[in-house]
Amino acid sequence: MRYLVSAAEMREYDRNTIERIGIPACVLMERAALAAVEIIEEHCAGYGGERHVLVMAGMGNNGGDGLAVARLLSEKGYQVEVWTIGDRERASEQWKQQMGILGNYPVECTDRPKRREYAALVDALFGVGLSRAVEGAYAKALELFRGLSGWRISLDMPSGIDTDTGEVLGCAVKADLTATFGFCKRGLALYPGCGYAGEVRTVDIGICERSFFGKEPGMYAYDEDVVSLLPKRDGAGNKGTFGKVLLVAGSVNMAGAAVLAARAAYRTGAGMVKVITPPENRIILQQAVPEALLGTVGDLEEALEWADVAAVGPGLGRSKEAFRCLEQVIRQGAKPLLVDADGLNLLSEHQELRELLAGQGRQGRVIVLTPHVGELARLLGRSIAACKEDLPAAGDALAARLNAVVAAKDARTFICREGHGTCVNLSGNNGMATAGSGDVLAGIIAALLAQGMEGFQAAAVGAYVHGRAGDYVTAGIGPYACTAGDMAEAAGRIACTG
């Protein structure tokens, strides 16, 4: 598991390390600089002997890190320019201390770059402290820095990127590598910030989990092997042991959604899958997923009694019959329930069903909702733009309103539940932006729920498995050729390989 910290959290952990653990700030700064220098030397070793380096330094502690980097590189024989930007009278105490030390080294301090090309360009302008749009002299400096030739390394955060959201605050450095200190920052993992960070290396400088003092970060991501996250298999188990999934999915001319969800459920370990779908889909499903049991709307009551989990919505349509299916699935039973796609659209149109669902959530029913941004906006009665502005907050709002786990899907998927930290899925790629991808995710999560996994964990692990399956496919055939069917099959492969 990898923590993703906000600017406020990082400041608190930094302060705890200095004041409560007792590691001096200057020691943390020196460790950060040493780590950055090691990375720069690694790069410059293959640069043909060129040893000119430019450090762009602001007046805060991030700039202080840059000054320490300049000093250490100078000691190693690099020709270093330090380009300082800002009012020195307002510089931090750590910055002033580092500048005082730097005066004893052959480093040139300048008010603008002396060259057009450098072996390395060090961005130490803002770090995690930026909270408003870059303007004026700072914007001009960033534009000039971006126009220089050379390999770019940002210290802690690319300057101009919001630490919490990844938003570009006017203009920003596009780094080849970001060396981030202590913990990975949220803005390095979220779009569009992750596109500016380049390779991200999280450097241990002494700020660690001990620095939390009982207050863990509110966001994290999985980075383990898939195998370690999946439910353990009972060697003496049978098909009933590994969970029975009921899929209420597909409509006339939309059999594919049911096929994809069923395949994904089987590939993720479900022992049995039953699909309730219109009679017109029977032959297609029998041919595409011969392992699946089939039924029609008239079999729904019995099927709900049989199942360990019900998943409703993929390809369901928004007809009166589809609504009756959704209503019956919600009203009948207290078993885990996943609502996806058209199930969510129908839910957004019927307040009484939302109220019923929220009441069941309060009483302990496991409910997982998997909306993309448009569906989330309809359920909340907000605009899509408002939801995209802070997708984790929008997911939290829906989770609180319906007492459910919400997997809010966009370029990143956020798993939200009231009173719980947010899990963001960092696996996956743009090849997965293809029809049927969401149906595969619904099948994966349903299978994990059927195998006894708790709701939040099933959604979080399911999103991770889904993304890793997409990565497996695109590694083999590229993002242009990736299909949902490929992902459903790959879900089984990564369950074996990790």
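Our subject is the structure that appears above.
Residues numbered from 1 in each chain as written. Predicted model: local features only at pLDDT ≥ 70, side-chain atom pairs only at ≥ 80, totals over all residues. Heavy atoms only, no water.

Visitor: Would you mind showing me how to read helix 20 (residues 484-497) here?
Guide: Helical periodicity: at 3.6 residues per turn, an α-helix aligns residues three or four positions apart in one direction. Between its terminal C-alpha atoms helix 20 stretches 20 Å, which fits the 20 Å expected from 14 residues at 1.5 Å a residue. Roughly 30° is the biggest bend found in helix 20, and it falls at Ala-490. Considering only its buried residues, helix 20 is in contact with helix 8 (226-229), helix 9 (255-267), helix 18 (437-450) and helix 19 (455-477). (Helix = DSSP H or I, 4+ residues; strand = E, 2+ residues; numbered from the N terminus. Expected span 1.5 Å × (residues − 1). Bend = angle between axes of the 7 residues up to and from the residue. Contact = heavy atoms within 4.5 Å.)

Visitor: I'm lost on the layout of surface pockets in this one. Help?
Guide: Regions of empty space are outlined by a rolling probe, equal in size to a water molecule, passed over the atoms. Counted as a void, the largest pocket has a volume near 1,100 Å³. What lines the largest pocket is a set of 36 residues, and nearest its centre among them are Gly-60, Asn-61, Asn-62, Phe-126 and Gly-129. Considered class by class, the residues forming the lining of the largest pocket number 18 nonpolar, nine polar and nine charged. Here the second largest pocket defines a volume of roughly 620 Å³. Around the second largest pocket sit 27 residues that line it, and Asp-410, Met-432, Ala-433, Ser-437 and His-466 are the ones nearest its centre. At the level of elements, helix 18 and helix 19 are the ones that each hand at least two residues to the lining of the second largest pocket. Residue classes in the lining of the second largest pocket are distributed as eight nonpolar, 13 polar and six charged. (1 Å grid on protein atoms, 1.4 Å probe; cavity = no way out; pocket = protein on both sides within 12 Å on 5 of 7 lines; lining within 4 Å. Points joined across faces, edges and corners; volume = space filled by probe spheres on them. Nonpolar A, V, L, I, M, F, W, Y, C, P; charged D, E, K, R; others polar.)

Visitor: How should the packing of aromatic side chains be read in this particular structure?
Guide: Each pair of aromatic rings is reported with the distance of its centres and the angle of its planes. On inspection of all chains with the given rule, the structure shows eight aromatic pairs. A centroid spacing of 4.7 Å and a plane angle of 45° characterise the contact between Tyr-13 and Phe-212, whose relative ring orientation is tilted. Highlighted residues: Tyr-13 in helix 1 (residues 7-21) and Phe-212 in the loop between strand 9 (199-203) and strand 10 (219-221), separated in sequence by 199 residues. Here Tyr-13 matches Phe-212 in class, with each residue buried. With centroids separated by 6.0 Å and ring planes inclined at 50°, the aromatic side chains of Tyr-222 and Tyr-464 adopt a geometry described as tilted. Placement of Tyr-222 in the loop between strand 10 and helix 8 and of Tyr-464 in helix 19 is noted, with a sequence separation of 242 residues between them. Tyr-222 sits in the buried class, given a relative accessible area of 12%. Here the guanidinium or amino end of Arg-20 rests over the ring plane of Phe-213, the centre of that ring lying 3.8 Å away. A cation sits over an aromatic face here: Arg-233 above Phe-242, 3.6 Å from the ring centre. (Phe/Tyr/Trp six-rings, centres within 6.5 Å; stacked < 30°, edge-to-face > 60°. Buried < 20%, exposed > 50% of the residue type's maximum accessible area, 1.4 Å probe, protein only. Lys NZ or Arg CZ within 6 Å of the ring centre and 35° of its normal.)

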